[in-house]
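Structural characterization, general
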Amino acid sequence: MAEAAKADMFAWEGSDKTGKRVKGEMTGQSESLVKASLRRQGINPLKVKKKSKPLLGGGGGKITPKDITVFSRQLATMMSSGVPLVQAFEIVGRGHDNPAMQDLILGIKGHVEAGNSLTESLHKYPLQFNDLYCNLVEAGEQAGILEAILHKLATYMEKTEALKSKIKSALFYPTAVIVVAGIVVTILMIFVIPQFAELFAGFGADLPALTQFLVDTSDFFVAYWYIIFGIIGFIVFGAIEAKKRSPAVQRAIDVYSLKLPILGEVLEKSAVARFARTLETMFAAGTPLVESMASVAGACGNQVFYDATMKMRDEISTGTQLQASMRESGLFPNMVVQMVAIGEESGAIDQMLGKVADWFEQEVDDAVEALTSLLEPAIMAFLGVVIGGIVIGMYLPIFKMGAVV
């Protein structure tokens, strides 16, 4: 990885074999190496200048999984059309709207031009290309089916991102509504209720219990709002950091998330779908089962499934069948285990895993729709109770005074 940090982007100008002036950009370890690489391509370098921005694949924008997916599809399509690899990188890179993605693609092109394999070049950018991606590309290079593997990778990433999007959509709606409700309640507590409290102070009578509770809560908010928000912010930030840095916290969150009503079922089906889809893609690329399991474990998106998959890998390496180790883990439905068993016996395990992935992706889709339909009335009822309770509490003294009059 250290080599990637030393690679810089150079702008060059030169002349080709016909004497025509040409220019471009190339990645290299030094100016002399860039000139040597240009000469090997039949270009006489006249000017080579190091660009001020280092090649980290991140300048000028953010690289998203969608960018990598589109890049994989474009590269596979060009290679299938007979376009040489280096030229395909040039065309895809120059045509990209995202400057960061353009830098990344041209950087990979530079490494390939310098004599590295595509796998070695991709390994220099671990933030964008994980072990699964690099392992599949390596298998494609060794088997001479790189364009087919890139197509499979693009399809795999499209399905994986679609699955992630469904999970996020299931979580986004209730989270957004609760945040908005919290903002509304905060505004009522700090700005609106104190105005009513001043009005009620001149009544000369005891306030109803609900109204008194809201007034006392409002006084507390006004006096200590910075402490309240500070504690909330600290808890949220601490939870996020603990999740990132502590495997124990990460595992605890993943364990309890699978036990949540309704949502836990969605997350479990999502993990099974990712497991099956990733293993199917690795099998189709010809990657050995034991070597595939580490990439599969990381793709599941849940620490519980990660630990189980790594344990399965150890069992498989000692001769245990995949379906037996899956049954032993206790995480996979019986239907999945049976289909894998049929696939092992018939030699079509990748096809069976594909069917399992399709089934559970559809299950996740249906479960997300069901979850959304259940959450909408529940959230509306919650907001009605909270906001309606505050409004009623504020008007109770006015109703009481009207009854006395």
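**Section: the overall build of the chain**
Check the secondary structure of the chain and you find 16 helices and three strands. A compact globule built from 405 residues should have a C-alpha radius of gyration of about 22 Å, whereas the chain, at 29 Å, is more than 25% larger. Looking at the 405 residues of the chain, the share that counts as buried comes to 41%. Contacts in the chain between residues far apart in sequence, at least 24 positions, make up 61% of those at least 6 positions apart. Of the roughly 21,500 Å² of accessible surface on the chain, 62% is carried by carbon and sulfur atoms. Counting 37 positive and 42 negative side-chain charges, the chain places the averaged centre of each group 9 Å from the other.

**Notes on the packing of aromatic side chains**
Evaluated as defined, the whole model comprises eight aromatic pairs. Relative to Tyr395, the ring of Phe196 lies with its centre 5.8 Å away and its plane at 65°, an arrangement referred to as edge-to-face. Within this pair, whereas Phe196 is found in helix α8 (residues 146–201), its partner Tyr395 is found in helix α16 (residues 349–404), the two being separated by 199 residues in sequence. Both rings, one in Phe275 and one in Phe332, keep their centres 4.7 Å apart while their planes meet at 55°; by these two values the pair is tilted.

**Focus: the nonpolar core**
As a rule of thumb, nonpolar side chains are buried together in soluble globular proteins. In this structure, Phe275, Leu322, Met326 and Phe332 are the most contacted members of the largest nonpolar core, which totals 39 residues. Looking at this core, the elements with two or more residues in it are α8, α11 (263–284), α12 (289–299), α13 (303–317), α14 (322–329), α15 (334–346) and α16. No other element matches α16, which puts ten residues into this core. If sequence neighbours within four positions are ignored, Phe332 has contacts with Val272, Phe275, Phe305, Met312, Met326 and Val337. Judged by nonpolar contacts, the second largest core, of 33 residues, contains Ile68, Ala88, Ala100 and Ala299.

**Describing the side chain of Ser270**
Along the chain, Ser270 turns up in helix α11. Setting aside anything within four residues of it in sequence, one finds Ser270 in contact with Leu163, Ile167 and Val364.

**Notes on a nonpolar patch on the surface**
A surface patch of nonpolar side chains, about 1,200 Å² in accessible area, is lined by Phe220, Tyr224, Trp225, Tyr226, Ile227, Phe229, Ile231, Ile232, Phe234, Ile235, Val236 and Ile240. For Ile240, the position within the fold is in helix α9 (residues 209–245). Among the residues examined, Ile240 registers a relative accessible area of 44% and is labelled partly exposed.

**Examining the pattern of salt bridges**
Pairing between side chains of opposite charge can happen when the charged atoms of each approach one another. Scanning the model with the defined rule gives eleven salt bridges in all. Across the pair Glu265 and Lys269 runs a salt bridge whose closest N-O atoms are separated by 3.0 Å. Of this pair, Glu265 and Lys269 are both found in helix α11, four residues apart, which corresponds to roughly one turn of the helix. Its relative accessible area of 14% is what places Lys269 among the buried residues. Asp314 serves as the salt-bridge partner of Arg313, at 3.9 Å between the closest nitrogen and oxygen.

**With respect to the confidence of the model for the chain**
Detailed reading of the predicted coordinates is not advisable wherever pLDDT falls low. Scored by pLDDT, the chain has a mean of 82; 93% of the residues are at 70 or more. Contacts for the low-pLDDT stretch residues 1–5, under 50 throughout, to residues beyond four places or in other chains number six contacts. Per-residue pLDDT stays below 50 along residues 53–60; that stretch engages in 21 contacts with residues further than four places along the chain or on separate chains.

**Some details on the packing of α8 against α11**
At a closest axis distance of 10 Å, the pairing of α8 and α11 adopts a crossing angle of 175°. Classified by the interaxial angle, the pair formed by α8 and α11 is roughly antiparallel. Where α8 approaches α11, its residues Lys152, Tyr156, Lys159, Leu163, Lys164, Ile167 and Leu171 are matched on the opposing element by Leu263, Val266, Leu267, Ser270, Ala273, Arg274, Arg277, Thr278, Thr281 and Ala284. Split into classes, the residues belonging to the contact of α8 with α11 amount to nine nonpolar, three polar and five charged.

**Digging into the state of the cysteines**
Counted according to the given criterion, the structure contains zero disulfides. No disulfide involves Cys300; its nearest neighbouring cysteine sulfur is the one of Cys134, lying 19 Å away. Classification of Cys300 as buried rests on a relative accessible area of 2%.

Definitions and cut-offs
- Residues numbered from 1 in each chain as written.
- Predicted model: local features only at pLDDT ≥ 70, side-chain atom pairs only at ≥ 80, totals over all residues.
- Heavy atoms only, no water.
- Helix = DSSP H or I, 4+ residues; strand = E, 2+ residues; numbered from the N terminus.
- Rg over C-alpha atoms; globule rule 2.2 N^0.38 Å.
- Buried < 20%, exposed > 50% of the residue type's maximum accessible area, 1.4 Å probe, protein only.
- Contact = heavy atoms within 4.5 Å.
- Areas by Shrake-Rupley, 256 points an atom, 1.4 Å probe, with all protein chains shown as cover.
- Lys, Arg positive; Asp, Glu negative; His and termini not counted.
- Charge placed at Lys NZ, Arg CZ, Asp CG, Glu CD.
- Phe/Tyr/Trp six-rings, centres within 6.5 Å; stacked < 30°, edge-to-face > 60°.
- Core = buried A, V, L, I, M, F, W, Y, C linked by side-chain atoms within 4.5 Å.
- Patch = residues over 30% accessible without salt bridge, like charges linked within 9 Å, V, L, I, M, F, W, Y side chains within 5 Å.
- Salt bridge = Lys/Arg side-chain N within 4 Å of Asp/Glu carboxyl O.
- pLDDT = per-residue confidence, 0-100.
- Axes fitted to C-alpha atoms, helices over the stretch in contact; angles between N-to-C directions.
- Parallel < 35°, antiparallel > 145°, perpendicular 65-115°, else oblique.
- Nonpolar A, V, L, I, M, F, W, Y, C, P; charged D, E, K, R; others polar.
- Disulfide = S-S within 2.5 Å.

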